[in-house]
Amino acid sequence: MKPDLFQSPDYYNLDDLLTEEHKLVRDSARAWVKKEVSPIIEDFAQRAEFPKQIIKGLGEIGGFGPYIPEEYGGAGLDQISYGLIMQEIERGDSGVRSTSSVQSSLVMYPIWKYGNEEQRMKYLPKLATGEFMGCFGLTEPNYGSDPGSMITNFKDMGDHYLLNGAKMWISNAPFADIAIVWAKNEEGRIHGLIVERGMEGFSTPETHNKWSLRASSTGELIFDNVKVPKENLLPNKSGLGAPLGCLDSARYGIAWGAIGAAMDCYDTALRYAKERIQFDKPIAGTQLQQKKLAEMITEITKAQLLTWRLGVLRNEGRATTAQISMAKRNNVDMAIHIAREARQMLGGMGITGEYSIMRHMMNLESVITYEGTHDIHLLITGMDITGIPAFK
């Protein structure tokens, strides 16, 4: 088991832009990842198993809904603190950050924003500690980038709703206690429902044989005449804008998280290049390797500045969906290119589990697809700057 020697790159002294609280939150998360995630994650990824023993720790470092008000069990932190926590967790592993992101932005966020006070008090404190785990059901077998065409539906049966349909590619599904499920009512309007494990007709089969996010638990949500109590409907927002509002929060977290993965690949490649001797000198002393490293740190620095500014806008309530979309697309694309370059720098060692790079590279193949594919985010930006939608 190799020690975690990670040192965070900060080429433009961006720590000067952070408050003492920001740095304390980040450093606490970083120390926890080094102690609890790094030593075990390669083994769990190789076995395609989620390390459930870290759930309590994720709650303790603010990995679940850090921006949720303290009255509901959250830490009441700002959006930059949330981003920094996601950065540090994904530096450890994208799959672990996925678990944290889903719990925070796709489960706790809609209950907080769209739920009523009874729902907030019932679920949020237990979700904040990890006593309850949740998942988010939007994507369907036939509808990924076109969620508005979903066929999952519910009918009003008088004293309850009857839910039918299926969702897939759902992080946390196999072990989640609750699911935030998006479905159409009889008029075709999309609503959110809180579906609890144990409800008759509700099952969560696990997805196997993944080459990506292997340390994350992924599954389906199957609804076969599930009776959902009427009090489990999220009452304060409906329509496609409701789940898309959750995705704004999740995509923002991903924009920060991808920087963490890129940082880890860069730091690993830099250290290896200084130690690896070829032709009587470290490969870090060759022009081509310096080119790779120089481009990596430049792209990381640009992403840090982009995402910090987005965090300021989020704190001020001024960040647009299109701005968040740009950061998610840019930063994940940046991270996946850095992972590929870093893998080459390590030669054959780059494909082994002795180093984190290949695991990051495989994970990022999922991150570049979920919460809106790279191409869909390009079209979001295109529509924003031209005023013309080009999705079909």
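Sequence positions are assigned chain by chain, starting from 1 and proceeding in written order. Only residues with pLDDT of 70 or above have their local features reported here, since the model is predicted, and side-chain atom pairs are shown and tallied only from 80 upward, although totals for entire chains, interfaces and linings are computed over all residues. Excluding hydrogens and water, the side-chain figures rest on all heavy atoms present in the structure.

**Focus on the pairing of strand β4 (residues 178–184)**
Piece 1. Of all 7 residues in β4, 7 are buried, a share of seventy percent or more.
Piece 2. A pair of strands is considered paired only if DSSP assigns at least 2 bridges between the two. Strands are runs of DSSP state E lasting at least 2 residues, helices are runs of H or I lasting at least 4, and numbering of each runs from the N terminus. Here 4 bridges tie strand β1 (residues 134–137) to β4, and the two strands are oriented parallel to one another. Bridge pairing links C135 to A179 in β4.
Piece 3. Pairing between β4 and strand β5 (residues 190–196): 7 bridges, direction antiparallel. When the bridges of β5 are listed, K184 appears paired with I190.
Piece 4. Where β4 folds back onto β5 in an antiparallel hairpin, the turn is made up of 5 residues, including G188, whose phi is positive at roughly 85 degrees. Exposure classes here rest on a 1.4 Å probe applied to the protein chains alone. A residue is buried below 20% of its type maximum, exposed above 50%, and partly exposed in between.

**A short note on a nonpolar patch on the surface**
Piece 1. Residues Y11, Y12, L17 and L305 make up a contiguous nonpolar surface patch of about 450 Å² in total accessible area.
Piece 2. Within the fold, Y12 resides in the segment before α1 (20–46).
Piece 3. When its relative accessible area of 54% is taken as the criterion, Y12 is described as exposed. Residues enter a patch when their relative accessible area is above 30% and they make no salt bridge; the linking distance is 9 Å between like charges and 5 Å between nonpolar side chains (Val, Leu, Ile, Met, Phe, Trp, Tyr). Accessibility throughout is a Shrake-Rupley quantity obtained with a 1.4 Å probe, and a residue counts as covered only by protein chains that appear here. Each reported salt bridge corresponds to a side-chain nitrogen of Lys or Arg within 4 Å of a carboxyl oxygen of Asp or Glu.

**A closer look at the UniProt feature "domain: Acyl-CoA oxidase/dehydrogenase middle" (unreviewed entry) in the chain**
Piece 1. The sites that carry the UniProt feature "domain: Acyl-CoA oxidase/dehydrogenase middle" (unreviewed entry) are, in the present numbering, residues 135–226.
Piece 2. Each end of residues 135–226 is marked by a C-alpha atom, and these two atoms are 17 Å apart; helix forms 0% of the span and strand 48%. UniProt positions are given in the numbering used here, feature names are shortened, and annotations may be inferred rather than shown by experiment.

**Brief notes about the nonpolar core**
Piece 1. In this text, buried Ala, Val, Leu, Ile, Met, Phe, Trp, Tyr and Cys residues form a nonpolar core when linked through side-chain atoms within 4.5 Å. One finds I111, L127 and W182 to be the most contacted residues of the largest nonpolar core, which totals 59 residues.
Piece 2. The biggest single contributor to this core is helix α4 (residues 94–114), with 8 residues.
Piece 3. In terms of nonpolar packing, the next biggest core, distinct from the first, is built from 36 residues, A273, L293, A303 and I338 among them.

**Topic: the environment of F6**
Piece 1. On the secondary structure map, F6 appears in the segment before α1.
Piece 2. Separated by 154 residues in sequence, F6 and H160 place their C-alpha atoms 52 Å apart.
Piece 3. Not counting chain neighbours up to four residues away, the residues in contact with F6 comprise R30, K34, R91, M263, D264, D267 and R271. In this analysis, two residues are considered to be in contact whenever any of their non-hydrogen atoms come within 4.5 Å of each other.

**Some words on the environment of I368**
Piece 1. On the secondary structure map, I368 appears in the loop between α9 (357–367) and α10 (374–386).
Piece 2. Relative accessible area serves as the criterion here: at 14%, I368 is assigned to the buried category.
Piece 3. If we ignore the near neighbours within four places in the chain, the residues touching I368 are K328, V332, D333, I336, T373 and H374.

**Let's talk about the packing of α4 against helix α6 (residues 241–275)**
Piece 1. To obtain an axis, a line is fitted to C-alpha atoms, over the contacting stretch when the element is a helix, and the angle between two such axes runs from 0 to 180 degrees between their N-to-C directions. Two elements in contact, α4 and α6, have axes separated by 9 Å at closest approach and are oriented at 145 degrees. In this structure, the crossing between α4 and α6 has a hand that is right-handed. On α6, the residues that touch R97, S105, L106, Y109, P110 and Y114 of α4 are G241, A242, G245, C246, L247, S249, A250, I254 and G257.
Piece 2. Gly falls in the polar group here, along with every residue not listed as nonpolar (Ala, Val, Leu, Ile, Met, Phe, Trp, Tyr, Cys, Pro) or charged (Asp, Glu, Lys, Arg). Considered class by class, the residues forming the contact of α4 with α6 number 9 nonpolar, 5 polar and 1 charged. Crossing handedness follows the turn of the near helix against the far one: under a right angle anticlockwise gives a left-handed crossing, and clockwise gives a right-handed one.

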